[in-house]
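Survey of secondary and tertiary structure
Residue strings, one per chain:
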Amino acid sequence: MAEATVSVEQVTDALHDVIDPELGYNIIDLGLVYDVEVVNDALKVTMTMTTPGCPAQDYIMNGVQERALMIPGVEAIDIDLVWEPRWSPQQHMSPAAKAHFGIADDAR
């Protein structure tokens, strides 16, 4: 099996460019991306939305696909949209995002 030429860090760095249009903040710090796998020239991104039926779902998923395919060496992407574990700001947002939205970092 060939070694991946793209790193998980490259993918997550690139996905910082995808902004949730309702919250105006990137999907990585919002905690919407649960996992990134790189196999050869293909990516699998496991992610969620803030709520089921999110009106920005297609916009965000298209943004993930478009941005990921801009990474040199990425030829394909599979996005797995999941609802478990359910997203919550306290458990999934980065400390920077929590500070931006005024959410206590130690809230559970």
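Summarised in this report is the structure supplied together with it. Quick caveat, the model's predicted, so the values are computed rather than measured.

The next subject is the overall build of the chain. Helix and strand content of the chain: five helices and five strands. Each principal axis of the C-alpha atoms in the chain carries an extent, and together these give about 45 × 25 × 25 Å. Total accessible area on the chain is roughly 6100 Å²; 49% of this is exposed by carbon and sulfur atoms.

This next bit is on the nonpolar core. A general tendency of soluble globular proteins is for nonpolar side chains to be buried together. Within the largest apolar cluster, 30 residues are counted, with the highest numbers of intra-cluster contacts made by Met 47 and Val 64. Residue assignment for this core shows that the elements contributing at least two residues are α1 (8-15), α2 (27-30), β3 (33-39), β4 (42-47), α3 (57-69) and β5 (76-81). Among the elements that take part in this core, α3 stands out by supplying four residues, more than any other. The contacts of Met 47, once residues within four sequence positions are left out, are Ile 27, Leu 32, Val 33, Tyr 34, Ile 60, Val 64, Ile 79, Asp 80, Leu 81 and Val 82.

A few words on α3. Its 13 residues give α3 an end-to-end C-alpha distance of 18 Å, which sits within 8% of 18 Å, the value for a rise of 1.5 Å per residue. Every buried residue belonging to α3 is among Ile 60, Met 61, Gly 63, Val 64 and Ala 68, and all of these are buried. All buried residues of α3 fall inside an arc of 155° around its axis, so they share one side. Those residues of α3 that are exposed and angled more than 90 degrees off the buried face are Asp 58, Tyr 59 and Glu 66. Residues of α3 that are buried in the fold lie against α1, β1 (19-20), α2, β4 and β5.

We now examine the side chain of Thr 48. The residue Thr 48 is located in the loop between β4 and α3 in this model. Of the residues examined, Thr 48 reaches a relative accessible area of 1% and is grouped as buried. In contact with Thr 48, not counting residues within four places along its chain, are Leu 32, Tyr 34, Leu 81, Val 82, Trp 83 and Trp 87.

Looking now at the pairing of β3. Taken together, the six bridges between β3 and β4 define a ladder with antiparallel strand orientation. Opposite Asp 35, over in β4, you have Thr 46 as the bridge partner. Between β3 and the antiparallel strand that follows it, β4, lie two residues; Asn 40 among them carries a positive phi value of about 55°.

Taking strand neighbours across the sheet as the criterion, the three strands line up as β3-β4-β5 in an open arrangement whose pairing is mixed. In the strand order of this sheet, the two ends are held by β3 and β5, each with one partner. The average undirected angle you get between the axes of adjacent strands in this sheet is 15°. Strands β4 and β5 of the sheet are contacted by α3, whose axis makes an angle of about 150° with β5.

What follows concerns the side chain of Lys 98. Relative to the assigned elements, Lys 98 resides in helix α5 (residues 95-101). Leaving out residues up to four positions away in the same chain, Lys 98 has contacts with Pro 89, Gln 90, Met 93, Ile 103, Ala 104 and Asp 105.

Calculation rules
Residues numbered from 1 in each chain as written. Predicted model: local features only at pLDDT ≥ 70, side-chain atom pairs only at ≥ 80, totals over all residues. Heavy atoms only, no water. Helix = DSSP H or I, 4+ residues; strand = E, 2+ residues; numbered from the N terminus. Areas by Shrake-Rupley, 256 points an atom, 1.4 Å probe, with all protein chains shown as cover. Core = buried A, V, L, I, M, F, W, Y, C linked by side-chain atoms within 4.5 Å. Buried < 20%, exposed > 50% of the residue type's maximum accessible area, 1.4 Å probe, protein only. Contact = heavy atoms within 4.5 Å. Expected span 1.5 Å × (residues − 1). Arc of directions from axis to C-beta. Pairing = 2+ DSSP bridges. Axes fitted to C-alpha atoms, helices over the stretch in contact; angles between N-to-C directions.

By themselves, these observations are geometric and do not establish any function.
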